[in-house]
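Survey of secondary and tertiary structure
Now for the letters of each chain:
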Amino acid sequence: MPTFEEITTFITEKPLATAVIALASLAALALAFLVLRVIWRATAWLFSRYVAPRPIEDVLTIVAASIATGVSAQGMWRFSGDVLGLDGPLRLLLFAFIEVAIITSAVRARRNMRENFSAGIDGIAVWALTCLTAVLSSMDAGSFPEAVFRLAAPLVAAWLWERGMAIERHRIRGTGRINWRLTPERLLVRLGLAEVSDRTTSEVDAHRRLTRVALAAKRAKALREAGAPDRKMRAALAKLDKAMDQAVEHTGLAVDAGRQEALLAQIAALYNTTALIDADPRVPWEPERDHRPVPARPELPPALAELVREEDDEEIPVIDPAPQVVDTAQRAVLLRQARAYWDRRIAKGMVPRTVDIAQEVGIPLPLAREWRALWKLEPAAHALIEQLYQQHGIVDTGAFPAIADDGRVLAKS
């Protein structure tokens, strides 16, 4: 590098050459500035167009795949020179033909996936060409670690491309990954070593102890109703007492209102399992799920239809006379209650009136009248009604007149 004195001497002796060199330097600086500005703008445009809209994982995938492709291309450069004997411009033009084919197939596969929702044959070609270039690059390796490295680099690039394609495919299709039926979590739940719900240890222990109490109570109740021997009853009651003691001791059942309600809810569910046969299963596509029409009443005989009259028992206050029973399960429960009341009264020699049934069960008068009209024609009730008519001249006016075996209507003329 020239010293300062030499530079000063050159400027003094050759001022014209110094001026030309200065102008050329200024022009080179201006040209370098323009080139750098163009490169900066092009880089900013490429970044805003292709990099900024993409997620960071896609950008990193492209960078890593580019590095892996470069490693594979470097291996093919050595293979083309050492094995194929290519040199000079021919080697420069032909060494990376497989990498170019891989990139072309990857672009075509992405386009097919966006248009046809499938990578197609081009996706298979990406993996086939990747395996080919990986094998060729590793064949010219000088050591086993180098061979493993050159074999792994293209496969890493293909794997990153495949994961990027899978994410975009799920985004376009709107579908997610498959859910395996056999997973460690499901196996642990199946073996009872894990739980699906996120509960603490104390909550799990309290629930199990309350369940033991409810099951023991159900067992004791079933034995008592079945008339089990005293030995079995004592064993069931002892088990129930033990379970209750442990629940009170470990769950705070005596003072915790929430645990008390939970225990009662379990007992109620276990005691009323037979009510499930009267449940009202409703299809999910039913237009109005909360309102079901009452089934049509059976047609009455002509003799009864002519004698239907409005009665004076509507003047007696009845619980909720307006609404109709529309729920099938509730209707079945009320029907059993009304029938039990009817049988008790008939066994005592008395025929209940319509208002008696309505007040006892809490149902509307039309519904009580319908049920009474069917039950009063049974032999036991009919015999009581006919006896009252023959002995005292009392005509049944609860809902409909009774009909004798010969078709004679028991009503005053």
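Bear in mind the structure is a predicted one, so any value in this text is a computation, not a measurement. The numbering scheme is per chain: residues are counted from 1 as the chain's sequence reads. This being a predicted model, a pLDDT of at least 70 is required before a residue's local features are given, and a value of 80 or more before pairs of side-chain atoms are given or counted; all residues contribute to the totals for chains, interfaces and linings. For side-chain calculations, the full set of non-hydrogen atoms in the structure is used, while hydrogens and water are omitted.

Only runs of H or I of at least four residues qualify as helices and only runs of E of at least two qualify as strands under DSSP, and these elements are numbered from the N terminus. Check the secondary structure of the protein chain and you find 16 helices and 0 strands. Going through the 413 residues of the protein chain one by one, you find that 27% of them count as buried. Summarising the internal contacts of the protein chain: among those between residues at least 6 apart in sequence, 60% fall at separations of at least 24. All accessible-area figures derive from a Shrake-Rupley calculation using a 1.4 Å probe, and residue coverage is judged against the displayed protein chains alone. Working note: accessible area of the protein chain is about 28600 Å², and carbon and sulfur atoms make up 63% of it. Note on exposure labels: buried denotes an accessible area under 20% of the residue type's maximum, exposed denotes more than 50%, and partly exposed covers the range between, all computed with a 1.4 Å probe on protein chains only. The contact rule is simple, with two residues in contact once any of their heavy atoms fall within 4.5 Å.

Take the UniProt feature "transmembrane region" (unreviewed entry) in the protein chain next. UniProt positions are given in the numbering used here, feature names are shortened, and annotations may be inferred rather than shown by experiment. When the UniProt feature table is mapped onto this chain, "transmembrane region" (unreviewed entry) is found at residues 16–39, 59–77, 89–107 and 119–137. The distance from the first to the last C-alpha atom of residues 59–77 is 27 Å, and the span holds 100% helix and 0% strand.

Turning our eyes to something else, we now look at the nonpolar core. In plain words, nonpolar cores are sets of buried Ala, Val, Leu, Ile, Met, Phe, Trp, Tyr and Cys residues tied together by side-chain atoms within 4.5 Å. By size, the foremost hydrophobic cluster in this structure holds 19 residues, and its most contacted members are Ala338, Trp342, Ile346, Val351, Ile357, Ile363 and Trp371. The set of elements that each furnish at least two residues to this core consists of helix H13 (328–347), helix H14 (354–361), helix H15 (365–375) and helix H16 (379–392). Counting 12 residues, the second-largest nonpolar core is a separate cluster that includes Met76, Ile102, Ala109 and Leu136.

When a carboxyl oxygen of Asp or Glu is within 4 Å of a side-chain nitrogen of Lys or Arg, the pair counts as a salt bridge. Enumeration over the complete set of coordinates arrives at 7 salt bridges. Across the salt bridge formed by arginine 353 and aspartate 356, the nearest N and O atoms sit 3.3 Å from each other. Through salt bridges that share partners, Arg78, Glu146 and Arg150 make up one connected network.

Take the packing of aromatic side chains next. A pair of aromatic rings is counted whenever rings of Phe, Tyr or Trp (Trp by its six-membered ring) have centres within 6.5 Å, and the orientation is called stacked for planes under 30 degrees apart, edge-to-face for over 60 and tilted otherwise. Counted according to the given criterion, the structure contains 2 aromatic pairs. Here tryptophan 342 and tryptophan 375 contribute two aromatic rings whose centre-to-centre distance is 5.8 Å and whose plane-to-plane angle is 50°, an arrangement assigned as tilted. Of this pair, tryptophan 342 sits in helix H13 while tryptophan 375 sits in helix H15, and the two are 33 residues apart along the sequence. Like tryptophan 342, the residue tryptophan 375 is buried in the burial classification. An aromatic cluster of at least three residues, connected via ring pairs, comprises Trp342, Trp371 and Trp375. The rule for a charge over a ring is simple: NZ of Lys or CZ of Arg within 6 Å of the ring centre, and within 35 degrees of the ring normal. Between the NZ or CZ atom of lysine 221 and the centre of the ring of tyrosine 271, over which it lies, the distance is 5.0 Å.

Before going further, it helps to examine the environment of methionine 350. Following the sequence through the fold, methionine 350 ends up in the loop between H13 and H14. Judged by relative accessible area, which is 34%, methionine 350 ranks as partly exposed. Once the C-alpha coordinates of methionine 350 and leucine 384 are considered, the two residues, 34 residues apart in sequence, prove to be 7.5 Å apart.

Its 15 residues place the ends of helix H11 (residues 257–271) 21 Å apart at the C-alpha level, agreeing with the 21 Å of an ideal helix rising 1.5 Å per residue. For H11, the set of buried residues is Leu263, Gln266 and Ile267. Axial view of H11: buried residues confined to an arc of 95°, hence all on one face. Structural note: H11 exposes Glu261 and Leu264 on the side pointing more than 90 degrees away from its buried face. Residues of H11 that are buried sit in contact with helix H9 (201–225). Helix span, expected: 1.5 Å multiplied by one less than the number of residues in the helix. Of all possible arcs, the one meant is that of the directions from the helix axis to the C-beta atoms.

Here we come to the environment of aspartate 241. Inspection of the secondary structure assignment puts aspartate 241 in helix H10 (residues 230–251). With a relative accessible area of 45%, aspartate 241 lands in the partly exposed category.

Our focus in this paragraph is a positive patch on the surface. Patches here are clusters of residues that have more than 30% relative accessible area and form no salt bridge, with a 9 Å joining cutoff for like charges and a 5 Å cutoff for nonpolar side chains (Val, Leu, Ile, Met, Phe, Trp, Tyr). Charge assignment in this entry is limited to Lys and Arg as positive and Asp and Glu as negative, and neither His nor the chain termini are counted. Where a charge lies is defined by one atom per residue type, namely NZ (Lys), CZ (Arg), CG (Asp) and CD (Glu). Together, Arg219, Arg231, Lys232, Arg234 and Lys239 give the surface a local cluster of positive charge. A total of 4 residues in the positive patch trace back to one element, the largest contributor, which is H10. Secondary-structure assignment places lysine 232 in helix H10.

Moving on to a nonpolar patch on the surface. Together, Ile7, Phe10, Ile11 and Ile21 line one region of the surface with nonpolar side chains, adding up to about 340 Å² of accessible area. Among the secondary structure elements, isoleucine 21 is positioned in helix H2 (residues 15–51).

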